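# Fold and geometry: a report
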Amino acid sequence: MGDGRPRLPEKQKAMSPMIYDLGLWAFSLCLDVFFRELDSRGAWRVPKHGPVLIVAGPHNNQFVDSLVLMCILKSHANRRVSFLIAEKSMKEPYIGTMAGAMGSLPVVRGMDRAKAGEGTIYLPNPEDPTLIYGYSTDFTHSDFMEGGSITLPRMGKGASATQTIATIIGPTELRLKNPFPSSGAEQLSPMIDGKIAGSKFKVAPHIDQSRMFEAVFLELLSNGCVGIFPEGGSHDRPNLLPLKPGAAIIALALLARDPDCGLTIIPCGLNYFHAHKFRSRAVVEFGHPIQVHPDQIEAYRCGGNEKRNAVGSLLETIHDGLASVTQLSPDYETLQLIQASRRLYVSANKKMPLSLVVDFNRRLLQGYSRYEDDIRVVNVKKSVLDYNRRLRALGIKDHQVEWGDVKHRPWWLILLILLSRISGLALLAIGTLPGLILFWPVFVTAKAISVQKQRKALAASEVKIQARDIVSTWKILVAMGLAPLLYVWYTAIATTWLYRNRHDGFYTSYLPRRMNASIYVPNYVPLWMFMVCLFALMIVLTFAALRTGEIGMDVIKSLPPLLVALNPRSASSLLKLRENRQALSGQVTDLINKLGPEVFPDFDSERVVEDTSLTDIFQSRLKSMPPSRPGSRSRSQASSPGIGSLSHNTSIQPLSPLEQHNSLMEVNRKIRDAMQKRGRERIKSRLGDDYSDEGI
């Protein structure tokens, strides 16, 4: 380059536009089948030209998240996007081949290269918790290195504890950067019954990420689009995991290298309704661009604590951007409470579009987090949860309570509706049966493999609740691979049988005439045309079976309230539940209408409107950051919708802004002094070392 920029290495695997578009077309067909409704919102905010960094979350649907974003970005912004993907996934025969062909950028994670260490480790002195001794260990072995990590086994349902190695003192002695939390320290007792005990452990190397960063920079400086999931991995929680700093480091390092590159950071919210289920719904929302402040870029160049403040403050802004386009709930009970309240709320626009449902849920969550201790909210919460419990006891949904209206729906009318739906269900079953008989291997195999992968992922994860985030991915992948093979198999068998019948092959004369394929296919039809038509017929039968099956399942789900209404033992309960719903709906509506204007200035009790309180951009600001403390992510620990860690073992705490004028002037003075002392060339040479940050 002739403009003073450092030379970048060539990309390892260039994206092929033709392969990308062809693969995306195939994936889009699968997504159209899997999702009943896939809506996008705010895609116009994604620039059609220039470098773009898409920061997406929550990562609730493993590889499907990437496919959904790729399809939406191509159709709405005409952008091809390269996603960062774990190198471990790139080694999968099927997934790795597709990801590599579509321009994905591999990321090496230290936890994927962890191995069991020899011997045991213990704390020789509880007063010095960062000093670790080993028994039958050799810390001078190449498996151990400064910057690497030590991981203790998980205790019960808790999380495994991980800390970074600061210094290797000798074969049996090392020092950590931070002490293990109390749960991990309990495992490191040096003596039990007079014998050295300690704990088994795993050791992971320090990963140099310079190659990955350079590949990302090359893509962005070539006006490309890069996608990243800052949580670091998929999960099935209703909120965000602590964010890894990779997205902030990429943005700051690129802008430090080329401030005029025009980088745009776009937060993207992935909002699923039963993400793991077939024919579910989803809303993908793109937020306002995030603007990096020049002070953050200069602080990043200074390194040290100033760099840490720059990364942390930008990461906090990224979290705020994601929070503005997602429905973040601390737990599933709260999410169910919010969804029930939204259904009970009475407004002029009874039928809200899916994107407005997400926006209204987000507003309700914000209001609930502010007033959850209010006695009025506590009482309504108790009533709503009791209402949900009674719904589950009857086996019906909220919208089905209206079948308890005996005035407008007498028993004889309900009986007629029940008989008509059962008759329709029988006809749908007849239409579904051919496809079900032919393609049951796909359904059964996809279900079996997805359950197997789900169990494996749950056993290996510390943050997954039920590992539902991987279910839909494997259902789609198995169906994409097995269905065409099944089509080819059936087509080959039918074509071979037709060929034998036309030439009086073996068994032709011994079987009944109705089994002779040449009767149904005239001789003037060439075999190749028969093969093409039969293959196309298999695809049509598959879609027809899926569509009729979907309608049939909707009919089946509509039967329970009819049976409850006709049952003398439960009809009275349904009637009382309907009356309870009407009263509860009034309470919820009155409470929301009273508290809504206090939270949102644009709140309108007459109708639900989109949230217009946000500005056109998220302006990030440089903020000071308190010292880090050890932390870990646990399956049993409810992660708050806060930001995460600067490395795999350091939690970023809420950041306080530098509001004092003198403090800001002091920071600016330090920045200027550091820049004058080091000079531009030294900064460029040092940037290469900064790319070894492991938390991506």
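My aim in this report is to walk through the structure given alongside it, one point at a time. On a predicted model such as this, the values are computed, not experimentally measured, just so you know.

Attention shifts here to the overall build of the protein chain. Looking only at helices and strands, one finds 18 helices and 23 strands in the protein chain. Within the protein chain, buried positions represent 49% of all 696 residues. Accessible surface for the protein chain amounts to roughly 34,600 Å². Of this, 58% is attributable to carbon and sulfur atoms.

Another point: the nonpolar core. With 43 residues, the main nonpolar core has Leu84, Ile250, Leu263 and Ile318 as its most contacted residues. Elements supplying a minimum of two residues to this core: strand E2 (52–57), strand E4 (105–107), helix H6 (210–221), strand E14 (225–228), helix H7 (246–257), helix H8 (294–302) and helix H9 (304–323). Counting residues per element, this core draws most heavily on H7, at 10 residues. Tyr345, Ile396, Val564 and Phe603 belong to the second largest nonpolar core, which has 41 residues in total.

Glancing now at helix H16 (residues 559–566). Turning to H16, its buried residues number three or more, namely Leu559, Pro561, Leu562, Val564 and Ala565. Turning to H16, the residues buried within the fold contact helix H12 (375–394), helix H13 (411–460), helix H15 (527–557) and helix H17 (568–599).

A regular strand carries its side chains on alternate faces of the sheet. Here strand E16 (residues 280–286) lies mainly inside the structure; six of its seven residues are buried. Direction of pairing for strand E1 (residues 35–41) relative to E16: parallel, over a ladder of six bridges. Bridged to Glu37 within E16 is Arg281. Here six bridges tie strand E15 (residues 264–273) to E16, and the two strands are oriented antiparallel to one another. Bridge assignment links Tyr272 to a residue of E16, and that residue is Ala282. Between E15 and E16, which pair antiparallel and follow one another directly, the connecting turn spans six residues, one of which, His274, has a positive phi of 60 degrees.

Next up on the list: the pattern of salt bridges. Scanning all chains against the criterion turns up 23 salt bridges. Several salt bridges converge on common partners, so that one network encompasses Arg36, Arg279, Arg547, Glu550 and Asp554.

Strand pairing in a sheet takes place through backbone hydrogen bonds and is either antiparallel or parallel in direction. Read across the open sheet, the seven strands follow the order E5-E13-E8-E9-E10-E7-E6; overall the sheet is antiparallel. Strand pairing shows two members of the sheet lacking a second neighbour, strand E5 (115–116) and strand E6 (120–122), which therefore form its edges. Relative to strand E13 (residues 202–204), E5 is paired through two bridges, and the arrangement is antiparallel. Bridging across to E13, Lys115 finds its partner in Val203.

Let's shift gears to the pairing of strand E9 (residues 162–170). Here strand E8 (residues 149–151) pairs with E9 via three bridges, running antiparallel. Among the inter-strand pairings, Ser149 is bridged to a residue of E9, identified as Thr164. Where E9 hands over to strand E10 (residues 173–176), the hairpin turn is made up of two residues, counted between the paired strands.

Conventions adopted
- Residues numbered from 1 in each chain as written.
- Predicted model: local features only at pLDDT ≥ 70, side-chain atom pairs only at ≥ 80, totals over all residues.
- Heavy atoms only, no water.
- Helix = DSSP H or I, 4+ residues; strand = E, 2+ residues; numbered from the N terminus.
- Buried < 20%, exposed > 50% of the residue type's maximum accessible area, 1.4 Å probe, protein only.
- Areas by Shrake-Rupley, 256 points an atom, 1.4 Å probe, with all protein chains shown as cover.
- Core = buried A, V, L, I, M, F, W, Y, C linked by side-chain atoms within 4.5 Å.
- Contact = heavy atoms within 4.5 Å.
- Pairing = 2+ DSSP bridges.
- Salt bridge = Lys/Arg side-chain N within 4 Å of Asp/Glu carboxyl O.

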